[in-house]
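Geometric and topological summary
Spelled out, the chains give:
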Amino acid sequence: MNRIRHFIIVNLLLVIYVSNPLFAQRLWMENGDQYYEFSDKGIETVNPKNGSRTIFLSHELLVPQGMKTALKVENFSISKNKELILIYTNSAKVWRENTRGDYWVYNKQSNQLKQLGKQFPSAQLMFAKFSPLNDKVAYVNKADHNIYVEDLTNGAISAVTTDGTDRMINGTFDWVYEEEFGCKDGFRWSPDGQSIAYWKLDARSIRNFLMINNTDSLYSFTIPVEYPKVGQSPSACSIWTYELASKNSHHINIPGDPEQHYIPRMEWCLDSKQLIFQQLNRKQNESKIYTASIATHEAQAIHRETSNSWIDIKARWNNNDPSGWDWIQEGKAFIWVSEKDGWRKIYQIDLKGNEKLITKADYDIINLDFLDPKGETIYFTASPTNATQKYLYSVSTKGGSPKRLTPTSFEGTCDYDISKDGKTAIFNFSNRAELKYDAVVSLPNHQTLVDFEIKRQKKASDGIAEFFKIKTAEGIELDGWMVKPLDFDTSKKYPVVFMVYGEPASQTVLDNFGAGYNSLYKGNMAHDGYIYISLDNRGTPAPKGNVWRKSIYRNIGQLNIRDQALAAQEILKWSFVDSSRIAVWGWSGGGSSTLNLLGQYPQIYKTGIAIAAVANQLLYDNVYQERYMGLPQENLADFENGSPLKYAKNIKGNLLYIHGTGDDNVHYQNAEVLIDELIKNNVQFQLMSYPNRSHAISEGKGTNEHLKTLFTNYLKLHCPPGGR
């Protein structure tokens, strides 16, 4: 369950508050502290220190010949010589994101705008990238899963691969690699522009899961999704290189069975003579780093790490993006992150595999935000004393004690977009009560150069979250937030609604502007008289150390559920809580937790709303479920004992189950096996199926309003608000 998909709840919390400027594309210049940004005037260069803007490519120049309107720019990149601009437009969704579309190149010298790959079907090109020599562009054609190189001087197109099919995938990835590793772009230009390295996935052994569309034609039809269920082998994965001069492809010889490993990261070494990549075994508890000579095509292991649970990859601390390699010492060594000593720390590894600890303090880094090799500085975010918050730190690439850069006057969640020279950053800040963004600060002194552009403050009438800690009967301390009714009276008893996630993919208890907000509730929960609470159990990805996060290994659906329930039992002891009105809801992994709480602790939870839940862990994908639970061939009982299906017969309270029939992530199959079990045991419940809606249940006119109305009405009916 990929973090992007499983931050559904957190994103819903934030969406009402955060407008587009916070997420507008900002492309920092390679040198200096200015950036490119697309506006209604075209592409502009922006100096954030004084706000000055200069037109780099005007809107009028983006009108293709024979057309009356300019291209709708959705993304862009600029060649190293700044003479060529690659425009991405007319995009369409592949799996999670709009990663296929059309590409155009504008040449500033000739003032010409040309479409790439015109011989291919519309909106089928993916991940187009300039050659480092500025003379070619490479891209994937989604229609045939092959990689092509187009010469910008004469328009000639040559195929890098020719064996692509719907199941032989070159230069991009299958469903599960994107969903669980964040891997999308699957090819890399060599720094000298002479070669291309790429992934090849052989998905021919992966079975299709068939989703059924009953509404869009007279006869129903199926939509196949290649989907490896837990216990099934993944796509065979290999790495290849292609030499432009000889037009020869070479397979890199990597030890091991290609169907029993994953390669989530691969890049070129800076000398263009070697590749470097990470290999995970299928259980994801052994990581090896290899280098491979493009002369011999042989891979040599230079580093190995093992774990008694699982090993996270770069996507975990790099905003779900595993790409890139963090080089230092002019390519002789690189930065690596590991939790092997109990904390997520930064290390240096050289090309011979020699290792050196960089961050010696015993606390977790949260994100590796920026590496400045010239300034020999690493910027990262952490929060050593409060796992709900996030601040900027720096440390020398040579090692030493990290230094906090965020002033102590900021208490909450701090995010930074740092310029390529490491001297300037766009600074965004939020906590439970306020949101500020687009300040400009200098680094490392964090001096404010430009104050926050946007500032928002919650009113008391909005309901502001309070953060608290609660200790269970087993001595486990959990972080939580709570929003009390606006007319809170300690002499009265109020209903409690718990929002839960509880799995390793997401934290819900974060000190940001979304804390305490429920986007599915029509109205204001605090105004209506609910106590709204969320708790983070063991196993959630909080910066509390390896033991906290990895304790859930082979225990999803058990340890997290016990933590949540025992914490709820302590909350029920509060004098102002009405134990007869206790509700819980969650989405995806949170939906699974909701079902498990209702089934395993029916004496606590009287009402539940579960959305898009995994009812049986054996029905989910192999990468996620095997990472956190092992292989069902070895420990089947753990999967069964952690699945809501086992406890469905015990549900005594009110249950509303919601699922989209077009969910290609958590298949509607989960709903039907759950329904079957509930019927068998005469457990009464209500069901809402959203035809052809995906995991986010966002498609279709009126869907969001319908879902909110359904959620709110059910909650008010079965867990009435207000003090008594």
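The shown structure was predicted, so the numbers you read here are calculated from the model rather than taken from an experiment.

A word on the overall build of the protein chain
Looking only at helices and strands, one finds 11 helices and 44 strands in the protein chain. The globule rule puts the C-alpha radius of gyration for 724 residues at 27 Å, and the 26 Å found for the protein chain is close to it. Seen through its principal axes, the protein chain has C-alpha atoms that stretch 75 × 60 × 60 Å. Burial statistics for the protein chain: of 724 residues in total, 61% are counted as buried. Sequence-distant contacts, at least 24 apart, represent 59% of the contacts inside the protein chain between residues at least 6 apart. In the structure as shown, the protein chain presents an accessible area of about 28500 Å², 48% of it carried by carbon and sulfur atoms. Side chains of the protein chain give 80 positive and 80 negative charges; the mean places of these two sets differ by 3 Å.

Details of the UniProt feature "domain: Dipeptidylpeptidase IV N-terminal" (unreviewed entry) in the protein chain
When the UniProt feature table is mapped onto this chain numbering, "domain: Dipeptidylpeptidase IV N-terminal" (unreviewed entry) sits at residues 80–431. As annotated, residues 80–431 comprises 2% helix and 47% strand, and the C-alpha atoms at either end are separated by 39 Å.

Overview of the sheet that holds strand E31 (residues 403–404)
Spatially, E28-E29-E30-E31 is the arrangement adopted by the 4 strands of the open sheet, whose pairing is antiparallel. At either margin of the open sheet sits one strand with a lone partner, and together these are strand E28 (365–372) and E31. The sheet contact formed by strand E30 (residues 391–396) and E31 spans 2 bridges and is antiparallel. Counterpart to Ser 394 in the pairing with E31 is Lys 403.

Description of the sheet that holds strand E22 (residues 286–293)
A sheet is described by the order of its strands in space; here 4 strands give the open sequence E20-E21-E22-E23, paired in antiparallel fashion. In the strand order of this sheet, the two ends are held by strand E20 (261–268) and strand E23 (299–306), each with one partner. With strand direction ignored, the average angle separating the axes of adjacent strands in the sheet is 20 degrees. Two strands pair when backbone bridges link them, and E22 and E23 are joined in this way by 7 bridges, in the antiparallel orientation. Across the sheet, residue Lys 288 finds its bridge partner in E23, namely Arg 304.

Comments concerning the packing of aromatic side chains
Enumeration according to the criterion identifies 37 aromatic pairs in this entry. With centroids separated by 5.9 Å and ring planes inclined at 65 degrees, the aromatic side chains of Tyr 177 and Tyr 262 adopt a geometry described as edge-to-face. Within this pair, whereas Tyr 177 is found in helix H3 (residues 175–181), its partner Tyr 262 is found in strand E20, the two being separated by 85 residues in sequence. Classification of Tyr 177 by relative accessible area gives buried; the value is 1%. Residue classification places Tyr 262 among the buried positions, given a relative accessible area of 0%. Note on Phe 488 and Phe 576: the rings are 4.9 Å apart at their centroids and 85 degrees apart in plane angle, and the pair reads as edge-to-face. In this pair, Phe 488 sits in the loop between strand E38 (477–483) and strand E39 (494–499) while Phe 576 sits in the loop between helix H6 (559–571) and strand E41 (577–587), placing the two residues 88 residues apart along the sequence. A residue is classified by how much of its surface remains accessible, and Phe 488, at 24% relative accessible area, is partly exposed.

Thoughts on the domain arrangement of the protein chain
Splitting the protein chain by domain gives domain 1 (160–320) and domain 2 (460–718). One C-alpha centre belongs to domain 1, the other to domain 2; they are set 33 Å apart. Contacts between the two partners involve 30 residues from domain 1, matched on the other side by 33 residues from domain 2. In total, about 2700 Å² of surface goes out of reach between domain 1 and domain 2, with carbon and sulfur atoms giving 51% of it. Between the two partners, domain 1 and domain 2, sit 2 salt bridges.

Reading the values: the criteria
- Residues numbered from 1 in each chain as written.
- Predicted model: local features only at pLDDT ≥ 70, side-chain atom pairs only at ≥ 80, totals over all residues.
- Heavy atoms only, no water.
- Helix = DSSP H or I, 4+ residues; strand = E, 2+ residues; numbered from the N terminus.
- Rg over C-alpha atoms; globule rule 2.2 N^0.38 Å.
- Buried < 20%, exposed > 50% of the residue type's maximum accessible area, 1.4 Å probe, protein only.
- Contact = heavy atoms within 4.5 Å.
- Areas by Shrake-Rupley, 256 points an atom, 1.4 Å probe, with all protein chains shown as cover.
- Lys, Arg positive; Asp, Glu negative; His and termini not counted.
- Charge placed at Lys NZ, Arg CZ, Asp CG, Glu CD.
- UniProt positions renumbered as here; feature names shortened; annotations may be inferred.
- Pairing = 2+ DSSP bridges.
- Axes fitted to C-alpha atoms, helices over the stretch in contact; angles between N-to-C directions.
- Phe/Tyr/Trp six-rings, centres within 6.5 Å; stacked < 30°, edge-to-face > 60°.
- Domains from an automatic or database assignment.
- Buried area = accessible area lost by both parts, 1.4 Å probe.
- Salt bridge = Lys/Arg side-chain N within 4 Å of Asp/Glu carboxyl O.

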